[in-house]
Amino acid sequence: MYTMGIDVGSASSKAVILRDGKEVVAGLAVQAGTGSSGPGRVLEEIAATSGLDLKDMAFILATGYGRTALPMADKQMSEITCHAKGVFFQDPSVRTIIDIGGQDVKAIALDDRGGIRQFYMNDKCAAGTGRFLEVMARVLEVPLEEMAEYHFRSKNPAQVSSTCTVFAESEVISLLSRGTAKEDIIAGVHFSVAAKACALAQRVGVRREVVLCGGAAKNGGVADAIEKELGAPLVVAQNPQLTGALGAALLAYEEMMRKERSA
Amino acid sequence: MEENIKALLEQFRAIAGDPRKAMADHLAETGKGAIGMMPIYAPEELVHATGYLPVGLWGGSRPVTKARTYLPPFACSVMQQVMELECEGAYDDLAAVVFSVPCDTLKCMSQKWKGTSPVLVFTHPQNRGLEAANRFLEREYAILKEKLEGITGVKITNAALERSIQIYNENRAAMREFSALAAQYPQVISAVDRHAVFKARLFMEKSRHTALVRALMEAVRAEEPQPWTGKKVVVTGILLEPNGLLELFDRLGLAIVADDLAQESRQIRVDVPDGDEAPLYRLARVWQNMYGCSVATDTKKQRGPMLMDMARKTGADAVVVAMMKFCDPEEWDYPIYYKQFEAQGVRSLMIEVDQESTSFEQLHTRLQSLVETL
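Residues numbered from 1 in each chain as written. Chains lettered and ligands numbered in written order. Predicted model: local features only at pLDDT ≥ 70, side-chain atom pairs only at ≥ 80, totals over all residues. Heavy atoms only, no water.

Undergrad: Would you explain the domain arrangement of chain A in this entry?
TA: One widely used convention gives an interface's size as the accessible area the parts lose upon coming together. All names here are of chain A. Domain annotation for chain A reports domain 1 (1-91 + 241-263) and domain 2 (92-236). On a C-alpha basis, the centres of domain 1 and domain 2 stand 26 Å from each other. Taken residue by residue, the interface counts 15 residues in domain 1 and 26 residues in domain 2. Carbon and sulfur atoms supply 67% of the area buried between domain 1 and domain 2, which totals about 1,600 Å² over both sides. The three residues of domain 1 that bury the most area against domain 2 are Ile80, Phe88 and Asp91, which together make up 41% of that side's buried surface. At the surface where domain 1 touches domain 2, the tally comes to 0 salt bridges. At the boundary of domain 1 and domain 2, one finds 6 residue pairs in polar contact (both at pLDDT 80 or more). Sort the elements by how many residues they give to the side of domain 1 that touches domain 2 and helix H2 (residues 79-90) lands first, with 8 residues. Along the lines of polarity and charge, the residues of the side of domain 1 that touches domain 2 split into 6 nonpolar, 7 polar and 2 charged. (Domains from an automatic or database assignment. Contact = heavy atoms within 4.5 Å. Buried area = accessible area lost by both parts, 1.4 Å probe. Salt bridge = Lys/Arg side-chain N within 4 Å of Asp/Glu carboxyl O. Polar contact = N/O pair within 3.5 Å; in protein donor to acceptor, adjacent residues only side chain to side chain. Helix = DSSP H or I, 4+ residues; strand = E, 2+ residues; numbered from the N terminus. Nonpolar A, V, L, I, M, F, W, Y, C, P; charged D, E, K, R; others polar.)

This is the structure:
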């Protein structure tokens, strides 16, 4: 039996196909989110990669900001539930999840069985999110995927505000105009993101293992800054951008099992 | 749903959504105008005894533009809305505005009112438990009474005040009954409707409101209560608006089975006590007897236990904290009762409330996550 999880966020669309609730057949991300060509493209691409199409799916579960705009989905659930499911599936020792997505930062506390004890999200503010990193990368003229390299070269990270993307952008511009090295500014940007994420994590109570997921987790500089800010080891999830879609595919499988049991 | 219930709920919604019409109707019927009552607590009975209509000024849901000139962005959402409405002249028809000042923002707002109506400021004593505090507040109310008499030209007699106290106590009792009834009939009284019944109270003469609430309760009781398949929550905070947010509760099957909102149940929590003392003294006792509110000093911090008790009695699955954006008193209370919730294993979710909001996607995610994890 195949089930699909599709996670349509603000900045990207992700999909995972599972066989029998255990084996990942295919999983991929397209860097275009809700309201764009992203959802359609990710479905086309995963069909091409897996050789399976929507008709082969026993159940499709949607999550992410765009979850309510996907007519092919049988059900939709929140990304908090899906990330928790996906990360716990990968690593049952996880107790705290930090998820940094395009426009959200979330901290999720899990119990020993993977149930959600508590969660916090950032309020209506882009500080500390993937969008914040995109804005900074643009101002600094450094591709997002190269920011980690700069980060690890920094000897003296600059101070960058963690309260507001607009203020932080102005700070970065004035740091640039003062001649501060880009690696120090980038490290400062990553510590700014880390401060925001760790404040949320402290609210739910940090218990090991702590796992980082979401698109920003692909940036090793962000993971390093969070680890230092937390003062505790941090594990980066496998395919961190896909954990929400993976959780959705797992929950889709559970839905089918429930249906079969009640049939 | 029975047609009569629908019609009654529609009346509440119409009044809650159009305070200006409520004021115009009152003027047409009585020849008397309206007096604004700023949040959070004011002795409305005094205004009622003049025959003027007390009208609650709890903000609105318009885009904030003009208020930015006068208020910092970190003033709470209600005050931003009130300032916006002031700047638009929405309150200029009021004969006066009664202003309590239990928080810093209200203190400042009372001194920079931009409307044309006279502002009548009074102070609640912080150390509420003392007899001297009650005497102080009684004196504050006496000054307020004199000012109201001057503005309205109506002498507030003890007999009129006693009658108003009785009307208000009856209304508070009816609303407590309504809140309990709404918890039994979430299929009939949605979160939006429940709020409308409470909100209409801010704009209606209270004996009329009581009569309408009693008619609604009678109609609802005629229906058979149905089992509720969704979840049940207690909500706490200053207020839970706009309706777009309440609609999420309805859409996600979250029944509000009790509230501790300053705009709603905190207004009906404490009656004016009976007794031989003068009515102003007994009115002041309400402040002394108030509990579980972030602006009423409580050295024992009983709000957490109060909320947990509400959840237990109503069978609520969780407490939803409707955190008014930039409300210091509410923010300060939160870590204290959150810790108490955690110690007792009471599930909770904090959501940020901003009356100006038009997009609720983030709140949808939070509330849906809560439902999925209960």
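Undergrad: I'm lost on empty space enclosed by the protein in this one. Help?
TA: Once rolled over the atoms, a probe with the size of a water molecule shows which space is left empty. All names here are of chain B. Per the stated rule, a full pass over the model turns up 4 cavities of 30 Å³ or more. If you add up the space inside the largest cavity, you get close to 340 Å³. What lines the largest cavity is a set of 25 residues, among which Tyr41, Ala42, Arg172, Gln267 and Val286 lie closest to the centre. Within the residue set of the lining of the largest cavity, elements represented by two or more residues are helix H3 (44-48), helix H7 (158-184) and helix H11 (279-289). The element contributing the most residues to the lining of the largest cavity is H11, with 3 residues. Split into classes, the residues belonging to the lining of the largest cavity amount to 16 nonpolar, 3 polar and 6 charged. (1 Å grid on protein atoms, 1.4 Å probe; cavity = no way out; pocket = protein on both sides within 12 Å on 5 of 7 lines; lining within 4 Å. Points joined across faces, edges and corners; volume = space filled by probe spheres on them.)

Undergrad: What am I meant to see in the pairing of strand E2 (residues 13-19) of chain A here?
TA: Note on strand geometry: in a regular strand, side chains alternate between the two faces of the sheet. All names here are of chain A. Counting buried positions along E2 gives 6 out of 7 residues, so the element sits mostly inside the fold. As judged from the 7 bridges shared by strand E1 (residues 2-8) and E2, these two strands associate in the antiparallel manner. By the bridge assignment, valine 8 is partnered in E2 with serine 13. Counting the residues that bridge the hairpin from E1 to E2 gives 4 residues. Inspection of the sheet shows E2 paired to strand E3 (residues 23-30) by 7 bridges, in the antiparallel sense. By the bridge assignment for E3, valine 16 is matched with glycine 27. Between E2 and E3, which pair antiparallel and follow one another directly, the connecting turn spans 3 residues, one of which, aspartate 20, has a positive phi of 55°. (Buried < 20%, exposed > 50% of the residue type's maximum accessible area, 1.4 Å probe, protein only. Pairing = 2+ DSSP bridges.)

Undergrad: I would appreciate a short explanation of the pattern of salt bridges in the present structure.
TA: Side chains that carry opposite charge are capable of pairing whenever their charged atoms lie near each other. Residue and element names in this part refer to chain B. This structure, assessed with the given rule, holds 50 salt bridges over all chains. Aspartate 271 serves as the salt-bridge partner of arginine 172, at 3.4 Å between the closest nitrogen and oxygen. Placement of arginine 172 in helix H7 and of aspartate 271 in the loop between strand E6 (254-261) and H11 is noted, with a sequence separation of 99 residues between them. Salt-bridge contacts for aspartate 260 lead to arginine 269; the nearest nitrogen and oxygen are separated by 2.6 Å. Given the relative accessible area of 0%, aspartate 260 is considered buried.

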